[in-house]
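What the coordinates show
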Amino acid sequence: MMVHNLVGTHRGSQGRIPAHVWIVPSHLRFCPVSSIDNIILILVRMDDRHLQEFDKGMPSSKRSRSSIVYLHVFLFSTAIFLNIWALRQPGLRSPQFLGSCDGDCQTRLIGSYPLEQLATVSPVKFDAELFAASVYKGEPRKELDEAWNKLVDHPMILVDNKTLQDFDPTTKLTKGVNNHYYATVEVFHHLHCLDITRKYIWRDYYKHVDTFQNPPEIVWKHVDHCIDLLRQVLMCNSGTDLLFYTDLGDQQPEARVSTRHMCRNFSQISEWVWKHDSELGKYAED
């Protein structure tokens, strides 16, 4: 996207600043951090010939005013560009914009729901190789169940009416106490769904699980709901990172699936939720 006429053209009695000096070339959109100083210089660079034509014959007082205009344009243009640039850098994006409500909603949540800002974002390399060992993988066993339970089992929290309306504007009666309302941080519902789907694969082993005590058609509806919910979560977050393939000659290329991502700190989220357990009488805004 080119930004044309970012601040328009300034017309003077003796001429005008050509519109092209306000153009941010499209090839600058993805410049690396190391070139930011050069970008600023390019952004505000004005062709000497045009400046000379603009100032030619102007009284010194008007030239002074012209210089002030240039300074304002420089500061304004630089501020706009740096904001655009910063938003395009994954490491500089505020974690709150990765949340579940729109941008306007996000700006209102900082005070009443601090978790939206709390969790830091940092680069993480996935461990996704086919035969890689993991406590979360494999046949049912005590160690695996303990690991999954630690991920999934988290308490509800209590949020105020402002947060309720920001996330779920509704006239429905909402369960609550003391003008606060019970809520589950959504990642734990998603993990619950993944865990139920995992257990359904091994349902003969997990036949004691409460969910599987229902009639088979209800159990399947629950699992089907979970699969479709996770589909929506994945599509909503639509990863645009790239997978590359190792050339194995005559054999089929092998996908390199252990890729790097910018991830929220899950441990921070978990710790905050436990500290704001609704049974402790704590509120989200505390």
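Bear in mind that the values here come from a model prediction, so they are computed numbers and not experimental data. (Residues numbered from 1 in each chain as written. Predicted model: local features only at pLDDT ≥ 70, side-chain atom pairs only at ≥ 80, totals over all residues. Heavy atoms only, no water.)

1. As for the state of the cysteines
Following the criterion strictly, the structure yields one disulfide and no others. The disulfide partner of Cys193 is Cys226, and the gap between their sulfur atoms is 2.3 Å. Here Cys193 and Cys226 share a disulfide; its torsion about the S-S bond, -65°, makes the bridge left-handed. Of this pair, Cys193 sits in helix α8 (residues 186-201) while Cys226 sits in helix α9 (residues 216-237), and the two are 33 residues apart along the sequence. Looking at Cys226, the relative accessible area reads 0%, which means it is buried. (Disulfide = S-S within 2.5 Å. Helix = DSSP H or I, 4+ residues; strand = E, 2+ residues; numbered from the N terminus. Buried < 20%, exposed > 50% of the residue type's maximum accessible area, 1.4 Å probe, protein only.)

2. Comments concerning the sheet that holds strand β4 (residues 180-183)
The strand order β2-β4-β3 describes an open sheet built from three strands, whose pairing is antiparallel. The outermost strands of the open sheet, each flanked by one partner alone, are β2 (157-160) and β3 (176-177). Strand direction decides the pairing type here: β3 and β4, joined by two bridges, are antiparallel. Across the sheet, Gly176 pairs through a bridge with Tyr181, a residue of β4. (Pairing = 2+ DSSP bridges.)

3. What about the packing of aromatic side chains?
How two aromatic rings sit relative to each other is given by the distance of their centres and the angle of their planes. If you walk through the whole model with that rule in mind, you get seven aromatic pairs. Their ring planes at 80° and their centres at 6.0 Å tell us that Tyr113 and Trp272 sit as a pair that is edge-to-face. Taken as a pair, Tyr113 in the loop between α4 (103-107) and α5 (115-118) and Trp272 in helix α10 (residues 266-275) lie far apart in primary sequence, 159 residues in all. Per residue, the accessibility class of Tyr113 equals that of Trp272, and both read buried. Ring geometry for Phe188 and Phe266: centres 5.7 Å apart, planes at 65°, overall edge-to-face. Here Phe188, found in helix α8, pairs with Phe266, found in helix α10; they are 78 residues apart in sequence, far enough to count as distant. Assessed through its relative accessible area of 5%, Phe188 is described here as buried. Every member of this aromatic cluster is reached through a ring pair, and the members are Tyr113, Phe167 and Trp272. The positively charged end of Arg203 is found above the aromatic ring belonging to Tyr200, 4.1 Å away from the centroid. (Phe/Tyr/Trp six-rings, centres within 6.5 Å; stacked < 30°, edge-to-face > 60°. Lys NZ or Arg CZ within 6 Å of the ring centre and 35° of its normal.)

4. Focus: α10
All of the buried residues in α10 are Ile269, Ser270, Trp272 and Val273. What you see down the axis of α10 is that its buried residues fit within an arc of 165°, all on one side. (Arc of directions from axis to C-beta.)

5. Digging into the environment of Phe126
Within the fold, Phe126 resides in the loop between β1 (121-125) and α6 (142-152). As for Phe126 and Ser258, which are separated by 132 residues in sequence, their C-alpha atoms are 4.8 Å apart. Once residues lying within four places of it in the same chain are set aside, the contact partners of Phe126 are Ser258, Thr259, His261 and Cys263. (Contact = heavy atoms within 4.5 Å.)

Everything listed here is a matter of geometry and, on its own, says nothing about what the molecule does.
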